[in-house]
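# Summary of the model geometry
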Amino acid sequence: MIKIGDLDIKTLDDLELSGRKVLLRVDVNSPIDKNGHILDSSRLKAHVPTIKELVERKNSVVMISHQGRPGDRDFVELEEHAQVLSKYLDLNVEFIDDVMGPYAREKISNMKEGEVILLNNVRMVAEELIEGPPQQQAKTFLVKKLSPLFDSYINDAFATSHRSQPSLVGFPLVMPSAAGRVMEKEVSALSKIFTPEEAPKVFVLGGGKVLDTLRIIENLTKKRIADRILTGGLIAELFATAKGINLGKENMEVLEKLGILSLIPRARKLLMSGAPVEIPVDFKVEKDGKIEETPVHKVEGVIKDVGINTADIYSSFIKDSKVTVLRGPMGIIEDERFRDGSKAVMKAALENSGYVIVGGGHMVSVLEGRVEDNPKLHISTGGGALLLFLSGEKLPALEALSLSKV
Ligand SMILES: Nc1ncnc2c1ncn2[C@@H]1O[C@H](COP(=O)(O)OP(=O)(O)O)[C@@H](O)[C@H]1O
Ligand SMILES: O=C(OP(=O)(O)O)[C@H](O)COP(=O)(O)O
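Residues numbered from 1 in each chain as written. Chains lettered and ligands numbered in written order. Predicted model: local features only at pLDDT ≥ 70, side-chain atom pairs only at ≥ 80, totals over all residues. Heavy atoms only, no water.

Rules: UniProt positions are given in the numbering used here, feature names are shortened, and annotations may be inferred rather than shown by experiment.
An unreviewed UniProt entry lists the protein under the name Phosphoglycerate kinase, with Sulfuracidifex metallicus DSM 6482 = JCM 9184 given as the organism. Its UniProt record gives the protein the following Sequence similarities (unreviewed entry) comment, quoted word for word: "Belongs to the phosphoglycerate kinase family." Database annotation for the protein, UniProt heading Catalytic activity (unreviewed entry): "(2R)-3-phosphoglycerate + ATP = (2R)-3-phospho-glyceroyl phosphate + ADP".

Set out below in structure tokens:
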């Protein structure tokens, strides 16, 4: 059992799990390269211990996960994910090109002990895109069609636990449920590392999920949890614009196309309320096919990474930090030419003697395996979920698990 605040959550030690049929929610949502292939498989590898334990305890295991969001380039099927998992597990993970239809249900019904299946991208099911309370999600077709086929539901998807979607909160109300080993390890480790006494705390927040990150910065500021928030990626562009800096036509067009300009009033309110937000002093840009460094007040070209001076200044702030949390890259790291900013802040954090928490699928890939057994380094599978958990928000998937049907 794990206790988080007033929530009591069962683990794999608290359920009768032998010879059963288990629905396992994982988060194998991974960075995808421009050819549609998995760029970094850290999240798939993270789930291996949970899957192995369930198989060794003679269960048949059906995994369900999302990948990307409809309309985004990384919204792909999970066939390659099943192949990668088969390699890591050294057993066959059968990919089923269905989620809750008759083909999937028949395959699940005919499974034998020890077999492992990965269903297709759950966000192909329209209901999965709607967030709502567990009581509402328990009545979706996804839950009604799949739950009768299983004995238990295990949620190992810490990285998606901030989404109140059917595959994350609908099942615990209708079947015995527990946290998987990734979920258990994340919430236990983070609760131990991230304490009020450990200060100063520096957050390095980049990437492209601007709305999520804005909400996180509002939480961190309201609860005075962060001593400094160093911004990169599109987050930095939002706050630079909110400070009245003109980033140039091309970048403003990108922000407008992504709906980020509408968030300026919220960012401005945060800055006026004294949020400890730092923006880059320079950027790495691409202009007429050339890559240049440009000061923040005179941006010419398309922003692709933070500049060298920003990397140095951010690194100096990180060196004095007791706890450094990094989530979301400083630049477009899918392109090798724009990884320097992320590498610099990661290097500074790892050279620091304090705790380091790295989260988010893209940012974890910047570690490039440099993760010798460092007791002060926690590599989280979560990005937004990690930060919302650290900022004290209740995560819907954890709350749903605490309501698990006995
Ligand atoms: N300046 C930028 N302009 C556009 N996209 C950016 C920029 N900097 C970073 N990104 C994008 O942010 C994405 C990662 O964001 P996010 O998913 O929030 O990170 P994580 O997976 O670490 O949580 C990457 O696809 C990267 O290309
Ligand atoms: O990648 C994820 O979140 P993250 O980018 O905050 O790490 C999770 O898989 C959640 O994905 P979502 O933000 O599309 O719901």
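### Details of the site of ligand 1
The condition that has to hold: One heavy atom within 4 Å of a molecule or strand is enough for the residue carrying it to be called near that molecule or strand. Residues adjacent in sequence count toward polar contacts only when both atoms are side-chain atoms; beyond that, a polar contact is any pair of N or O atoms within 3.5 Å, and within protein one must be able to donate a hydrogen and the other to accept it. Numbering goes from the N terminus for both helices and strands, where a helix is a DSSP run of H or I of at least four residues and a strand is a run of E of at least two.
Around ligand 1 sit 17 residues in total, of which Gly 208, Arg 327, Glu 334, His 362 and Met 363 are the nearest. Here a nitrogen atom of ligand 1 and a side-chain polar atom of Glu 237 are 3.2 Å apart. Within the residue set of the shell around ligand 1, elements represented by two or more residues are helix H10 (233-242) and helix H15 (361-365).

### Here we look at the sheet that holds strand E15 (residues 323-327)
Basically, it comes down to this: We treat two strands as partners when DSSP finds at least two bridges between them. Residues are treated as being in contact if the distance between any of their heavy atoms lies within 4.5 Å. Axes, fitted as lines to C-alpha atoms, cover a helix only where it is in contact. Angles between the N-to-C directions of the axes lie from 0 to 180 degrees.
In spatial order, the strands read E11-E10-E9-E15-E16-E17; together these six strands make up an open sheet with parallel pairing. What marks the edges here is a single partner per strand, and that holds for strand E11 (277-278) and strand E17 (377-379). Looking at chain direction, strand E9 (residues 201-205) and strand E10 (residues 228-231) are connected through four bridges and run parallel. Among the inter-strand pairings, Val 204 is bridged to a residue of E10, identified as Leu 230. Relative to the sheet, helix H13 (residues 308-319) contacts E9, E10, E11 and E15, its axis offset from that of E10 by approximately 150°. Running over the sheet, helix H14 (residues 340-351) touches E9, E15, strand E16 (355-359) and E17 and is turned about 155° from E15.

### Concerning the pairing of strand E6 (residues 116-119)
To keep it simple, the criterion reads: Type-normalised accessible area, obtained with a 1.4 Å probe on protein chains alone, sets the label of each residue: buried when under 20%, exposed when over 50%, and partly exposed for intermediate values. Handedness of a crossover is defined as follows: with both strands directed away from the viewer, a clockwise route from the first strand across the helix to the second makes it right-handed.
Going residue by residue along E6, you find Val 116 and Leu 118 tucked away on one face and Ile 117 and Leu 119 tucked away on the opposite face as well. The pairing of strand E4 (residues 60-64) with E6 spans three bridges and is parallel. Looking across to E6, one finds that Met 63 is bridged to Leu 118. Pairing of strand E5 (residues 93-96) with E6 involves four bridges; the strand directions are parallel. Directly across from Glu 94, in E6, lies its bridge partner Ile 117. In terms of handedness, the path from E5 via helix H4 (residues 102-109) over to E6 forms a crossover that is right-handed.

### A short note on the pattern of salt bridges
Test applied: Salt bridges are identified by distance alone: a Lys or Arg side-chain nitrogen within 4 Å of an Asp or Glu carboxyl oxygen.
Summed over the entire model, instances satisfying the criterion amount to 23 salt bridges. A salt bridge links Arg 181 to Glu 184; the nearest nitrogen and oxygen atoms lie 2.7 Å apart. Of this pair, Arg 181 and Glu 184 are both found in helix H8 (residues 181-193), three residues apart, which corresponds to roughly one turn of the helix. Residue Glu 184 is classed as buried on the basis of its relative accessible area of 19%. With a shortest N-O distance of 3.8 Å, Glu 336 and Arg 339 are connected by a salt bridge. Classification of Arg 339 by relative accessible area gives buried; the value is 9%. Several salt bridges share partner residues, and in doing so they unite Asp 13, Glu 53, Arg 57, Arg 181 and Glu 184 into one network.

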